[in-house]
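Here are the chains, one letter per residue:
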Amino acid sequence: MKRTIHVLGCLLAVLVCGQAVAGQSPIKPVSAICVEAESGLVLFQQDADVPRPPASMVKLMMMLLVAEGVEGGTWTLQQPIAISTYASSMGGTQVFLKAGEVWPLAKMMDAVAVASANDGAVAVAEGLWGTLAKYLETANRRALELGMIDTVYRSANGLPPDNGRDFDLTTARDMAVLARACVQHDMIMRWVGQREFQFRETDALKSNTNKLLWRMPDCDGMKTGYIRAAGFCITATAQRGGVRLISVVMGNPSKYDRFNQAQQLLEGGFRNVRKLRLVAQGQSLGKPVPVNNCATPEVRLTASQDLWVTVRNEDLASLQITAEHPATLLTPITAGSVVGEVRVKLAGATLARCPLTVPTDLEAKAGLLTLENRLARDEQPPVRTKRMRRGS
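Calculation rules
- Residues numbered from 1 in each chain as written.
- Predicted model: local features only at pLDDT ≥ 70, side-chain atom pairs only at ≥ 80, totals over all residues.
- Heavy atoms only, no water.
- Axes fitted to C-alpha atoms, helices over the stretch in contact; angles between N-to-C directions.
- Helix = DSSP H or I, 4+ residues; strand = E, 2+ residues; numbered from the N terminus.
- Left-handed = near helix turned anticlockwise from the far one by under 90°.
- Contact = heavy atoms within 4.5 Å.
- Nonpolar A, V, L, I, M, F, W, Y, C, P; charged D, E, K, R; others polar.
- Salt bridge = Lys/Arg side-chain N within 4 Å of Asp/Glu carboxyl O.
- Buried < 20%, exposed > 50% of the residue type's maximum accessible area, 1.4 Å probe, protein only.
- Core = buried A, V, L, I, M, F, W, Y, C linked by side-chain atoms within 4.5 Å.
- Parallel < 35°, antiparallel > 145°, perpendicular 65-115°, else oblique.
- Polar contact = N/O pair within 3.5 Å; in protein donor to acceptor, adjacent residues only side chain to side chain.
- Pairing = 2+ DSSP bridges.

1. Considering the packing of helix H4 (residues 105–114) against helix H5 (residues 118–129)
Here is step 1: The geometry of H4 relative to H5 is characterised by a closest axis approach of 9 Å and an angle of 145 degrees between their N-to-C directions. By crossing handedness, the relation of H4 to H5 is classed as left-handed. Along the contact surface, H4 presents Leu 105, Met 108, Met 109 and Val 112, while H5 presents Gly 120, Ala 121, Ala 123, Val 124 and Leu 128.
Here is step 2: The class makeup of the residues in the contact of H4 with H5 is 8 nonpolar, 1 polar and no charged.

In C-alpha cells:
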C-alpha cells in the first residue's frame, strides 16, 4: 500500500512539474533534507521523496563520474576536450565555448563546478564518453548503483527539455545520497569549494553560484540549480567539529531564501548531532573470558580500533554497547587474533562495530587436553554480553 501511495505521489509531482513549465509556480511545499555525510543519518526531512527537476544539480553526477575516472586511471585532468558545435550552442549559464576550441579537462571541471557552465558539461560528456547518450547511460547506471532509485538523468546540464516534458528527475533524498558519494573525493571538494575562477585570461572573474561559501564559514561546497520547473535548488555541505553534514533544498520560490533554508538546516543539524568515541583502541571490554588448557586461566578481550558513532542528542541515552565472543577460548592463540566483535546499537540497529582481539599470546599446556580442546571448539556456542547502556 505504501508503495502505491509513493507511485501516485511521483505521478502527481511530474504533472505539477508540467504545470510549472506552462507558467505556474514550482511545486509546493519545498523539498528538504539534512543528513550526516558518513552514516547517512537523517536529521531533518520534508517531502524528501517527491520527484522533481534538479536543474544544474545534475552536474554533481558528472563531477562524481569524472573524479572516479581520474582516480581509476581512465583519463587525466590534462585530457584534451574538443568543443563541438552542439556543446557551444547551450544557453543559460556558460563560459561561451567556441566550436573547435580544445581545453583541458581540469579547466572544464572548474567551469562546470564554479560557473555551472552548461556548455562545459556537454563538452565533457561528449569528450569523455564519445556521445551524450553514452554519458547519460553511465550516469543513470551509477545512480542505481548508489541507490538513487527515484532519479532519471536526461541531460548533462539540467536545462529544460525541448519538448517541455522529459525533465531530469530526482528527489532531495537521492541528491543527499549523491552528495555523500561526492564528499568522499578531495578532487570534487576542490572544485566545488572555489569561490571564483577565471576561465580565459581576458575574462572577468566568475563567482561560484553557491553563495553559502561566503555566508557560512563552515560551508565548503556543493551545487546550486534553477530552471522554472525546478524552482531554486541547492545541495550544500559543511563540516564542524569532525562532523560533516549535507543539506538539500529543492523547489524554493526564492533565489536567496534557498541559501537561508539550506544554512538553517545545517545549523540545526549541528546543534542536534554529536560524534562520540565510545570505544578506544586497546580498551578491555566485557568480563574476563576463561581460557582452556592454559597457564593463563582467563583474559580480557580488547577492541582492535577506535569506535566512533554520530547520533542525535536525543538518542544518546538509548545507545547500547555489546560484545560477542566464545564462552571459552581454546589455545593456542596468538596476540591480536580476532575472537569476537563489539557493536554499538540503537533500537536494535547496529551503528558501528569492530573486532575483539586477544591482547597476548596464549600457549597451550604441552600435551594436555588436545582432544578435549578440539571437541570443545566444535561444540561451544558464542556468548553475547551487554557491556553498558549509554546514559543509564
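Now, onward.
2. Let's talk about the pattern of salt bridges
Here is step 1: Counted by the stated rule, this structure contains 15 salt bridges.
Here is step 2: For Arg 173, the salt bridge identified is with Asp 49, shortest N-O distance 2.7 Å. Here Asp 49 lies in the loop between strand E2 (42–46) and helix H2 (59–71) and Arg 173 lies in helix H7 (residues 172–182), a separation of 124 residues in the sequence.
Here is step 3: Arg 312 is the salt-bridge partner of Glu 314, the closest N and O atoms lying 3.8 Å from each other.
Here is step 4: What makes Glu 314 partly exposed here is its relative accessible area of 49%.
Here is step 5: Judged by its relative accessible area of 22%, Arg 312 is partly exposed.
Here is step 6: Salt bridges sharing partners connect three or more residues here, namely Glu 68, Arg 142 and Glu 145.

3. A word on unusual backbone geometry
Here is step 1: The step from Thr 331 to Pro 332 runs through a cis peptide bond, and the omega angle for that step is 0 degrees.
Here is step 2: Tracing the sequence through the fold places Pro 332 in the loop between strand E15 (329–330) and strand E16 (338–346).
Here is step 3: Of note, Ala 55 is a non-glycine position whose phi angle comes to about 55 degrees, a positive value.
Here is step 4: Here Ala 55 is to be found in the loop between E2 and H2.

4. A closer look at the nonpolar core
Here is step 1: With 71 residues, the main nonpolar core has Met 61, Val 66 and Tyr 135 as its most contacted residues.
Here is step 2: By residue number, the principal contributor to this core is H2, which donates 9 residues.
Here is step 3: Excluding residues that lie within four positions of it along the chain, Tyr 135 makes contacts with Met 61, Met 62, Leu 65, Ala 125, Trp 129 and Ala 156.
Here is step 4: By size, the runner-up hydrophobic cluster in this structure holds 28 residues, among which are Ala 303, Val 309, Val 339 and Cys 354.

5. Some remarks on the packing of H2 against H4
Here is step 1: Look at H2 against H4: their axes get within 10 Å of each other, and the N-to-C directions meet at 155 degrees. It follows from the interaxial angle that H2 and H4 lie roughly antiparallel. Between H2 and H4 the crossing geometry is left-handed. Where H2 approaches H4, its residues Lys 59, Met 62, Met 63, Val 66 and Val 70 are matched on the opposing element by Leu 105, Met 109, Val 112 and Ala 113.
Here is step 2: Its residues assigned to classes, the contact of H2 with H4 comprises 8 nonpolar, no polar and 1 charged.

6. Here we look at the environment of Gln 194
Here is step 1: Residue placement: Gln 194 occurs in the loop between helix H8 (186–192) and strand E5 (196–197).
Here is step 2: The exposure class assigned to Gln 194 is partly exposed, which follows from its relative accessible area of 22%.
Here is step 3: C-alpha separation for the pair Gln 194 and Asn 208, spaced 14 residues apart in sequence, amounts to 6.9 Å.
Here is step 4: Contacts of Gln 194, omitting those with residues within four sequence positions, involve Asp 110, Val 114, Asn 208 and Leu 213.
Here is step 5: At a separation of 3.2 Å, a polar atom in the side chain of Gln 194 contacts the main-chain carbonyl oxygen of Trp 191.

7. Some remarks on the sheet that holds E2
Here is step 1: Here 5 strands make up an open sheet; going across it, the order is E2-E1-E9-E8-E7 and the pairing antiparallel. The open sheet is flanked by E2 and strand E7 (219–227), the only strands paired with a single partner. On average, adjacent strands in this sheet sit at an angle of 5 degrees to one another, irrespective of strand direction.
Here is step 2: With 8 bridges connecting them, E7 and strand E8 (residues 231–240) associate as antiparallel partners. What sits directly across from Tyr 226, in E8, is Phe 232.

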